[in-house]
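Chain by chain, the residues:
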Amino acid sequence: MSNSFHLGLPFLEAAQAQKHVTVNEALRRLDALLHLAVASRDLNLPPGEAEEGARFIIGTDAEDEWEGHEGEIAARIDGAWIFFAPRAGWRAFDEAAGALLVHDGTNWAPAGGPGIAGASGAATALTLIEGEHELDEGATSDTAFVIPDRAIVLGVTGVVIETITGATSWSLGVADDPGRYGNGIGAMLDATVIGVSGTPVAYYGATPLRLTAAGADFTGGRVRLAIHCLELTGPAA
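Residues numbered from 1 in each chain as written. Predicted model: local features only at pLDDT ≥ 70, side-chain atom pairs only at ≥ 80, totals over all residues. Heavy atoms only, no water.

J.: I tried to follow the overall build of the protein chain on my own but got confused; where do I start?
T.: Each helix and strand in the protein chain was counted, giving one helix and 16 strands. Expressed as a percentage of the 237 residues in the protein chain, the buried residues total 41%. Within the protein chain, contacts between residues at least 6 apart in sequence are counted, and of these 58% link residues at least 24 apart. Accessible area of the protein chain: about 12,400 Å², with a carbon and sulfur share of 53%. (Helix = DSSP H or I, 4+ residues; strand = E, 2+ residues; numbered from the N terminus. Buried < 20%, exposed > 50% of the residue type's maximum accessible area, 1.4 Å probe, protein only. Contact = heavy atoms within 4.5 Å. Areas by Shrake-Rupley, 256 points an atom, 1.4 Å probe, with all protein chains shown as cover.)

Dropping the structure here:
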């Protein structure tokens, strides 16, 4: 065997020349996969200016250099994309969504939340995505973490952790419905919002939350938000 079973790390061969090349390759792979955190799991096209060391879980219908690697981990190493096919039990933190994922041998799905699963691999998971957001200056401010593609949102909750300045109050929602999860929310420290959906809303695409200022534009502040949603996983082929 010339590679390790689980991670595909290259082994040194007897009397091998330039052993450092093999060792460094193994270290690069370990560095990419240990304590795995990915920037996103929704992209199907390689980002134009990915930083060295950036990691992604490739989305569906991948294109260009990622074509044929759907669901795999793509890591930018030495200016090139290296791909890793996940195995059942692998875990990854989705930085954009603020969610921990686990691979079941077929698909990535949210980990740790209560839910139900069938013998075919189909599952319904209750997911909680949390993140802190520093408000941009202006009339609106969108979060970096997102509602996952095809998630069904039950509601969004939040608290002001640094007093919001400029605006006298604010609304919480998404671009096509800025007040969906609350209007007239206080700008003072510790002001809270419990944005329950009268009818749960399905999102067909990764969607940031949008904060909209009232009274005047935002000039500062920070909030902590939580997205309460359901995510569905289909049965295995």
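Moving on from the coordinates now.
J.: What's the story with the pattern of salt bridges in this structure? I'm lost.
T.: Once the charged atoms of two side chains with opposite charge are near each other, the side chains can pair. Counted under the stated rule, the structure contains nine salt bridges. Note that arginine 222 and glutamate 134 form a salt bridge whose closest N and O atoms lie 3.0 Å from each other. Within this pair, whereas arginine 222 is found in strand β16 (residues 220–233), its partner glutamate 134 is found in strand β9 (residues 123–134), the two being separated by 88 residues in sequence. Its salt-bridge partner being arginine 222, residue glutamate 162 comes within 3.8 Å of it at the nearest N-O pair. Taken as a pair, glutamate 162 in strand β11 (residues 152–165) and arginine 222 in strand β16 lie far apart in primary sequence, 60 residues in all. Through salt bridges with shared partners, a single network forms among Glu132, Glu134, Glu162, Arg222 and Arg224. (Salt bridge = Lys/Arg side-chain N within 4 Å of Asp/Glu carboxyl O.)

J.: Got a minute to help me understand the side chain of threonine 157 in this structure?
T.: Following the sequence through the fold, threonine 157 ends up in strand β11. Side chain to side chain, threonine 157 and histidine 228 meet in a polar contact 2.9 Å long. (Polar contact = N/O pair within 3.5 Å; in protein donor to acceptor, adjacent residues only side chain to side chain.)

J.: Help me understand the sheet that holds strand β2 (residues 55–57) in this model?
T.: Two orientations exist for strands paired in a sheet by backbone hydrogen bonds: parallel and antiparallel. Taking strand neighbours across the sheet as the criterion, the three strands line up as β2-β3-β4 in an open arrangement whose pairing is antiparallel. The sheet is open, and its two borders are formed by β2 and β4 (80–84), each paired with just one other strand. Neighbouring strand axes in the sheet, compared pairwise and without regard to direction, differ in orientation by 25° on average. The pairing of strand β3 (residues 73–77) with β4 spans five bridges and is antiparallel. Looking at β4, one finds that alanine 75 is bridged to isoleucine 82. (Pairing = 2+ DSSP bridges. Axes fitted to C-alpha atoms, helices over the stretch in contact; angles between N-to-C directions.)

J.: I keep staring at unusual backbone geometry and nothing clicks. Help me out?
T.: Most of the time, phi is negative for any residue but glycine, and the peptide bond is trans. A positive phi is found at aspartate 78, a non-glycine position, where the angle reads about 55°. Counting through the fold element by element, aspartate 78 comes out in the loop between β3 and β4. We note that aspartate 190 has phi near 75°; this positive angle belongs to a residue other than glycine. Locating aspartate 190 in the fold gives a position in the loop between β13 (177–186) and β14 (192–202).

J.: Is there a simple way to explain the environment of alanine 99 in this structure?
T.: By the element assignment, alanine 99 lies in strand β6 (residues 99–103). With near-sequence residues (within four places) excluded, alanine 99 lies in contact with Ala92, Phe93, Asp94 and Ile129.

J.: What should I look at first to understand a negative patch on the surface in this one?
T.: Where like charges cluster on the molecular surface, the negative patch consists of Asp61, Glu63, Asp64, Glu65, Glu67 and Glu70. With respect to the helices and strands, the residue glutamate 70 is situated in the loop between β2 and β3. Classification of glutamate 70 by relative accessible area gives partly exposed; the value is 37%. (Patch = residues over 30% accessible without salt bridge, like charges linked within 9 Å, V, L, I, M, F, W, Y side chains within 5 Å. Lys, Arg positive; Asp, Glu negative; His and termini not counted. Charge placed at Lys NZ, Arg CZ, Asp CG, Glu CD.)

J.: How should the environment of alanine 39 be read in this particular structure?
T.: Take alanine 39: it is sitting in the loop between β1 (37–38) and β2. The sequence separation of alanine 39 and phenylalanine 56 amounts to 17 residues, and the corresponding C-alpha distance is 5.5 Å.

J.: Hey, could you run me through the nonpolar core in this one?
T.: When a protein is soluble and globular, its nonpolar side chains tend to lie buried together. If you look at the biggest cluster of nonpolar residues, it comprises 29 residues, and the most contacted ones within it are Trp170, Leu172 and Leu209. Among the secondary structure elements, those contributing two or more residues to this core are β10 (140–147), β11, β12 (169–174), β13, β15 (207–214) and β16. Excluding its chain neighbours within four sequence positions, the residues that come into contact with leucine 172 are Val156, Pro178, Gly179, Arg180, Tyr181, Gly182, Ile185, Val193, Leu209, Arg210, Leu211 and Leu225. Leu33, Leu36, Ile73 and Leu101 belong to the second largest nonpolar core, which has twelve residues in total. (Core = buried A, V, L, I, M, F, W, Y, C linked by side-chain atoms within 4.5 Å.)

J.: Help me understand the packing of aromatic side chains in this model?
T.: Within a pair of aromatic rings, the relevant descriptors are the distance that separates the centres and the angle that separates the planes. Summed over all chains, the structure comprises three aromatic pairs. Judged by centre distance (5.7 Å) and plane angle (50°), the ring pair of phenylalanine 56 and tryptophan 66 falls under tilted. Highlighted residues: phenylalanine 56 in strand β2 and tryptophan 66 in the loop between β2 and β3, separated in sequence by ten residues. The same class applies to phenylalanine 56 and to tryptophan 66, which are both buried. One aromatic cluster in this structure is built from Phe56, Trp66 and Trp81. (Phe/Tyr/Trp six-rings, centres within 6.5 Å; stacked < 30°, edge-to-face > 60°.)

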